[in-house]
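Inside the fold
Residue strings, one per chain:
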Amino acid sequence: MLKAVFLSVGCAWVAAGAQFPCTMAPLQGTAACDTSQTPSARAQYIVSQLTLDEKLRLFDNGALSVPRLHIDAYQWWSEALHGVGTSPGVSFTQPTPNATSFPQVITTAASYNKTLWGTISSAISTEARAMNNVGHAGLTFWTPNINLIRDPRWGRGHETPGEDPVTTATYAAHFVPGLQEGEDSKHLKASACCKHYYGYDMEDSDGADRHNFNAIISLQDEADTYLPAFHSCVVNGRASGMMCSYNAVNGTPSCANERIMNGFARGKWGFDGYITSDCGAVADVCNNHHYANQDDTCRDVLQAGMDSDCGSFLGDNLNTSISHGVTPMSAVDTALEHLFGVQIRLGMYDPASEQPYLNYSYTTDLNTPAHQQLALEAARQGMVLLKNDGTFPLDATKYPTVAVVGPNANATTTMQASYQGNAPYLISPLMGVSKYAKTLYAEGCDTNC
């Protein structure tokens, strides 16, 4: 935040150059490509055709290809918190060097404008599809972050809608459909991911860090505080993705917590999609929480309901766990069915002629004047002025010289905060004020003051 102002940015499945497995043998003409069947039934058929070695290639976030079935490699990890963001699945190179950068979520949420939230996420997924169509983005975006910020020392509060469970739940209910839904009722426009599930709001404090922290949460706090946003994200937002968090809750690591994934999310809430771990969280189950050994960790996370490992733990250990008779093939197959099911819903196995999103173009749909205007309007609506005694807006004739003071007074990239993409331009507070008045600038103290 501005300290003081004194007024006196991997490999991903893409439409461009991608193989459509259903246009070639051996999947062509099979149940995998029968659009009259449910995505679940089609996914089950695909999994039934895979060998064990082929299955083992698919659990990391950077899933490898299956050449025999013409299945391309796919990078599950793309970011879009407040615009398409730098991540393994996203490339900001020509012809897509920039994407619209919307305000950070804490600002947009402060507008309390539910329509705005969905309009922004729809613009983001439009730009995502345009980038995907030239091979520069995936289609699974790990957004929104719907953890609560109750202590500013967490340091990631700007990624979230704030401290209130109701506001955060409402944000999820409007942001997710905006990202996922559009003109094509048969396919997801993009896949959203409710994260970080759950009880996650600490990085490093008092001898614990996010990789080994055990949150003690009462049933009342769980119901009143920590679960409502995720319930809303699934039930009202119809999210197709979730992410289990690094931390444990009451002794059980989130990514091995069957109660919250298969119990609450899939069982009680009807979640239909895939669950990824946060990056390195599966390894944390074994190495930092010391909850289980390597073999048991593989079994525990899959049987709990997690499907994809952002990391390499399953890639390194799952085959051994299977060979030792610890992880059953049923758990392996179920996870893969969830993953393929989402890809089918995104259109990866359907005819291109039936997918209007494949017509989105970087020349007409990416970083557009309309999206830039939307970002400006969001910034204006999200600003909170606690008091105005008539000073604002400034009268340049009355205040011809303005002092702009503070360590972030001339910040540019810092003002984008985190999970940002490549913006077409960045304007610091000093640059902005200088358009209206003569300025005097001093950094003051550094950010450690």
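Preceding this section is the structure that the text describes.
To keep things clear, this report deals only with the structure shown in the data block. Treat the numbers as computed from the prediction; the structure is a model and nothing was measured.

A few words on the overall build of the chain. Across its full length, the chain carries 15 helices and 12 strands. Here the C-alpha radius of gyration of the chain, 23 Å, is about what a compact globule of 449 residues would show, namely 22 Å. Its C-alpha atoms put the chain at 75 × 50 × 30 Å along the principal axes. When the accessible area of the chain is evaluated, it comes to approximately 18800 Å², of which 51% is carbon and sulfur surface. Counting 25 positive and 42 negative side-chain charges, the chain places the centres of these two groups 6 Å from one another.

Glancing now at helix α1 (residues 39-48). Turning to α1, its buried residues are Arg42, Ala43, Ile46 and Val47. Seen along its axis, α1 keeps its buried residues to an arc of 135°; they face one direction. Close packing links the buried residues of α1 with α2 (52-56) and α12 (329-345).

This part is about the pairing of strand β12 (residues 438-442). Pairing between strand β11 (residues 401-405) and β12: 5 bridges, direction parallel. The residue of β12 that forms the bridge with Val402 is Thr439. In this region the chain leaves β11, passes through helix α15 (residues 429-434) and returns to the parallel neighbour β12; the handedness of that crossover is right-handed.

Within this structure, the stated rule accounts for 14 salt bridges. The partner of Arg345 in a salt bridge is Asp272, with the nearest N and O atoms 3.7 Å apart. Placement of the pair is Arg345 in helix α12 and Asp272 in the loop between α8 (258-268) and β10 (274-277), with a sequence separation of 73 residues. The shortest N-O distance in the salt bridge between Asp300 and Arg299 comes to 3.0 Å. Connected through salt bridges with shared partners, the residues Arg156, Glu159, Glu203 and Arg210 form a single ionic network.

The final tally for this structure, using the stated rule, is 4 disulfides. In this model Cys244 forms its disulfide with Cys255; the gap between the sulfur atoms is 2.1 Å. Residues Cys244 and Cys255 are joined through a disulfide that is right-handed, its torsion about the S-S bond being 100°. In this pair, Cys244 is assigned in strand β7 (residues 241-244) and Cys255 in the loop between β9 (252-253) and α8, connecting sequence segments 11 residues apart. As far as burial versus exposure is concerned, Cys244 and Cys255 are alike and both buried. Between Cys279 and Cys310 runs a disulfide, and the two sulfur atoms are separated by 2.0 Å. Its S-S torsion of approximately 75° makes the covalent link between Cys279 and Cys310 right-handed. With Cys279 in the loop between β10 and α9 (281-287) and Cys310 in the loop between α10 (294-304) and α11 (313-323), this pair connects stretches of sequence that are 31 residues apart. Look at Cys279 and you get partly exposed, because its relative accessible area is 21%. Taking the relative accessible area as the measure of exposure, Cys310 reaches 3% and is therefore buried. Distance from the sulfur of Cys286, which forms no disulfide, to the nearest cysteine sulfur (Cys298) is 8.6 Å.

The next point concerns the sheet that holds strand β3 (residues 194-197). A sheet is described by the order of its strands in space; here 3 strands give the open sequence β3-β7-β10, paired in parallel fashion. Strands with a single pairing partner mark the edges of an open sheet, and in this sheet they are β3 and β10. Each strand axis lies, on average, 25° off the axis of its neighbour in the sheet, ignoring direction. Strand direction decides the pairing type here: β7 and β10, joined by 4 bridges, are parallel.

With that out of the way, let us pick up the packing of helix α5 (residues 165-180) against helix α7 (residues 228-235). Contact geometry for α5 and α7: axes closest at 8 Å, N-to-C directions at 20°. With respect to their mutual orientation, α5 and α7 come out roughly parallel. α7 is crossed by α5, and the crossing has right-handed handedness. Contact residues: α5 offers Thr168, Ala169, Ala172, Ala173 and Val176, while α7 offers Pro228, Ala229, Ser232 and Cys233. Tallied by class, the residues present in the contact of α5 with α7 amount to 7 nonpolar, 2 polar and no charged.

A word on the nonpolar core. Nonpolar side chains in soluble globular proteins generally cluster together in the buried interior. Residues Tyr197 and Phe340 are the most contacted members of the largest nonpolar core, which totals 107 residues. Once you skip the residues sitting within four places of it in the chain, Tyr197 turns out to touch Leu227, Phe230, Met242, Met243, Cys244, Ser245, Ser254, Ile260, Met261, Phe264, Ala265 and Trp269. Judged by nonpolar contacts, the second largest core, of 5 residues, contains Val404, Ala409, Leu430 and Ala437.

On to the environment of His289. By secondary structure assignment, the location of His289 is in the loop between α9 and α10. Classification of His289 as buried rests on a relative accessible area of 16%. Each C-alpha atom, one on His289 and one on Asn212, is 5.2 Å from the other, the two residues being 77 residues apart in sequence. With residues near it in sequence (within four places) discarded, His289 still touches His211, Asn212, Phe213, Tyr246, Asn247, Ala248, Pro253 and Asp284. At a separation of 3.3 Å, a polar atom in the side chain of His289 contacts the main-chain carbonyl oxygen of His211. A distance of 2.8 Å separates a polar atom in the side chain of His289 from the backbone oxygen of Tyr246.

Cut-offs used in this document
- All residue numbers refer to position in the chain's written sequence, counted from 1.
- With pLDDT at 70 or above as the cut-off, local features in this predicted model cover only qualifying residues; side-chain atom pairs require 80 or more to be listed or tallied, and sums for whole chains, interfaces and linings still use all residues.
- Each side-chain value is derived from all of the structure's non-hydrogen atoms; neither hydrogens nor water enter the calculation.
- The secondary structure listing takes helices from DSSP runs of H or I that are at least 4 residues long and strands from runs of E that are at least 2 residues long, numbered from the N terminus.
- We compute the radius of gyration over the C-alpha atoms and compare it with the globule rule, which gives 2.2 Å times the number of residues raised to the power 0.38.
- For the area figures, the Shrake-Rupley method with a 1.4 Å probe applies, and any residue is considered shielded solely by the protein chains shown.
- His is not counted here, nor are the chain ends, while Lys and Arg score as positive and Asp and Glu score as negative.
- For charged residues, the charge sits on one atom: NZ in Lys, CZ in Arg, CG in Asp, CD in Glu.
- Three labels apply to residues, based on accessible area from a 1.4 Å probe with only protein chains included: buried if under 20% of the type maximum, exposed if over 50%, partly exposed otherwise in between.
- Each C-beta atom gives one direction from the helix axis, and the arc is the one those directions make.
- Contacts are assigned to residue pairs with any non-hydrogen atoms lying within 4.5 Å of each other.
- Whether two strands pair depends on DSSP finding at least two bridges between them.
- Every crossover in which the path from the first strand over the helix to the second runs clockwise, viewed with the strands pointing away from the viewer, is termed right-handed.
- Note on definitions: salt bridges are taken to be side-chain nitrogens of Lys or Arg within 4 Å of carboxyl oxygens of Asp or Glu.
- Disulfide: a pair of cysteine sulfur atoms within 2.5 Å of each other.
- Helix axes use the C-alpha atoms of the stretch in contact, all axes being lines fitted to C-alpha atoms, and the angles between their N-to-C directions lie in the range 0 to 180 degrees.
- With respect to orientation, any angle under 35 degrees is reported as roughly parallel, any angle over 145 as roughly antiparallel, any angle of 65 to 115 as roughly perpendicular, and every other angle as oblique.
- Note: crossing handedness is left-handed where the near helix turns anticlockwise from the far helix by less than a right angle, and right-handed where it turns clockwise.
- Under the scheme applied, nonpolar residues are Ala, Val, Leu, Ile, Met, Phe, Trp, Tyr, Cys and Pro; charged residues are Asp, Glu, Lys and Arg; polar residues are all the others, including Gly.
- Buried Ala, Val, Leu, Ile, Met, Phe, Trp, Tyr and Cys residues form a nonpolar core when they are joined through side-chain atoms within 4.5 Å.
- Any N or O atom pair separated by 3.5 Å or less is treated as a polar contact, with the protein-specific requirement of one donor-capable and one acceptor-capable atom, and with residues adjacent in sequence counted only for side-chain atom pairs.

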